Amino acid sequence: MFRSKLTLFVSVCLLSSVFVGLNASPAFADKYETTVNLTDGVDDNDPTRATTIRASIWAIEQVGDVMLVGGSFRTVRDRSNYASIPKPYLAAFDPDTGEYVPWFSTQTDGPVYDIVDLGGNRALISGEFDSVNSVSGTNGIAIVDIVTGLVDTSLNVDINDSGVIRAVDVVNGKLYLGGSFRSISAGGVSMNASGVARIDLASGVLESSFNPVLEDAGVWAISATSGGRVFVGGYFSSVNGQDETETLAALNPDGSLVEGWNHGFNHRKCYPGWNTNCGAINGLAIADGKVFTAGAKHYWTAQSLDTGEVLANKIISNDGQSVDLVDGMIVIGCHCVSSVSDEFN
């Protein structure tokens, strides 16, 4: 469903995108031509959201027969008459027509930042909310059946007040969480944390053996391999007290740093006049033996999964904000225009 997914991405999110072919040379960017169709959309960004970034859509994922859209919006707009429909933070659309799906009833009480399709009409959602459908144990994350609206209470997570889970990944039955939280509990296990955690999905138990220490932690992206290596990206200054681990780090299954990997901010530009925290990662994905990242300021980068060697390092006209693997293509979302970028050179 790449075409329908891309159609919704372009016409609802209103962002530019870079499409990267996985098997090309190190300068492996290429334009992807597609059709853009008018769709229903979302509106009315919540002014009380924790992030100051003004984007109203943060996640798009097809689950079953609907396209779920999550973010900090508070209403849906009908394209036929521009009527405003109250449906904050999480809404469903038809992936083929772009029409709003009114029967989707799942409701969070705060912004949604990530969505993962678990199969069988089940969606994993995470964000800046205290509960889903007013069910306890859904602070920041929950599994819901998109058809019945029921919450799977086998996952019962609690994070500290004002905590946020911005990114999730599910690999080999393990749930990886990234965000801004200082403590977390699940399945009877609790621990202090610095924005990263791992939960066994089958049992719902927090795995306290994985607890890396991130300074000034704000994790915006997390992705794991089948072998248990974990990549985290965001707005942090160091990992496990090691120098040159700001914004990006590769972790072993026990939370230690992967020795010899090229951690840290690897983009080639940090322009004069930007503040000292000029490096940040907003999106990250793993594909074809590479780690793709995008962020601030104004870049996307590809590195070797094994060593961290930089394979491509591209300037774009503004910040990269998301990285996703869609039907064999890396899709990099940004508020950018290619006319003043080098992503296709």
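Anything mentioned here points back to the structure above.
Glancing now at a negative patch on the surface. Taken together, Asp109, Asp130, Asp158 and Asp161 make up a surface patch of like negative charges. Relative to the helices and strands, Asp130 resides in the loop between strand 10 (122–127) and strand 11 (141–145). A residue is classified by how much of its surface remains accessible, and Asp130, at 58% relative accessible area, is exposed.

Take Arg74: it is sitting in strand 6 (residues 73–77). Between the C-alpha atoms of Arg74 and Pro86, which are 12 residues apart in sequence, the distance is 6.4 Å. Those residues within four positions of Arg74 in sequence are excluded, and the remaining contacts are Asp43, Asp44, Asn45, Asp46, Pro47, Ile85, Pro86, Lys87 and Pro88.

Topologically, Thr48 is positioned in the loop between strand 3 (41–45) and strand 4 (57–63). Of the residues examined, Thr48 reaches a relative accessible area of 62% and is grouped as exposed. With 62 residues separating them along the chain, Thr48 and Gly110 place their C-alpha atoms 9.3 Å apart. Side chain to side chain, Thr48 and Asp46 meet in a polar contact 2.7 Å long.

Let's shift gears to the pattern of salt bridges. All chains considered together, the criterion is met by nine salt bridges. Between Asp43 and Arg77 there is a salt bridge whose closest N-O contact spans 2.9 Å. On the criterion of sequence distance, the pair formed by Asp43 in strand 3 and Arg77 in strand 6 is long-range, its members being 34 residues apart. Where Asp44 meets Arg74, a salt bridge forms, and the shortest distance between an N and an O atom there is 3.1 Å. Here the residue Asp44 occupies a position in strand 3, and Arg74 occupies one in strand 6, the gap between them amounting to 30 residues. Take Arg74: its relative accessible area is 32%, and that puts it in the partly exposed class. Among the charged side chains, a network of salt bridges with common partners joins Lys174, Arg198, Asp200 and Glu207.

Its location among the elements puts Asp243 in the loop between strand 22 (238–239) and strand 23 (248–251). Linking Asp243 and Gly264, residues 21 residues apart in sequence, is a C-alpha distance of 8.5 Å.

Once that is clear, we can look at the pairing of strand 6. Inspection of the sheet shows strand 3 paired to strand 6 by four bridges, in the antiparallel sense. Of the residues in strand 6, the one forming a bridge with Asp43 is Thr75. Between strand 6 and strand 7 (residues 84–86), which follow one another and run antiparallel, lie six residues, and Tyr82 among them has a positive phi close to 60°.

What counts, and where the lines are drawn
Residues numbered from 1 in each chain as written. Predicted model: local features only at pLDDT ≥ 70, side-chain atom pairs only at ≥ 80, totals over all residues. Heavy atoms only, no water. Patch = residues over 30% accessible without salt bridge, like charges linked within 9 Å, V, L, I, M, F, W, Y side chains within 5 Å. Areas by Shrake-Rupley, 256 points an atom, 1.4 Å probe, with all protein chains shown as cover. Salt bridge = Lys/Arg side-chain N within 4 Å of Asp/Glu carboxyl O. Lys, Arg positive; Asp, Glu negative; His and termini not counted. Charge placed at Lys NZ, Arg CZ, Asp CG, Glu CD. Helix = DSSP H or I, 4+ residues; strand = E, 2+ residues; numbered from the N terminus. Buried < 20%, exposed > 50% of the residue type's maximum accessible area, 1.4 Å probe, protein only. Contact = heavy atoms within 4.5 Å. Polar contact = N/O pair within 3.5 Å; in protein donor to acceptor, adjacent residues only side chain to side chain. Pairing = 2+ DSSP bridges.

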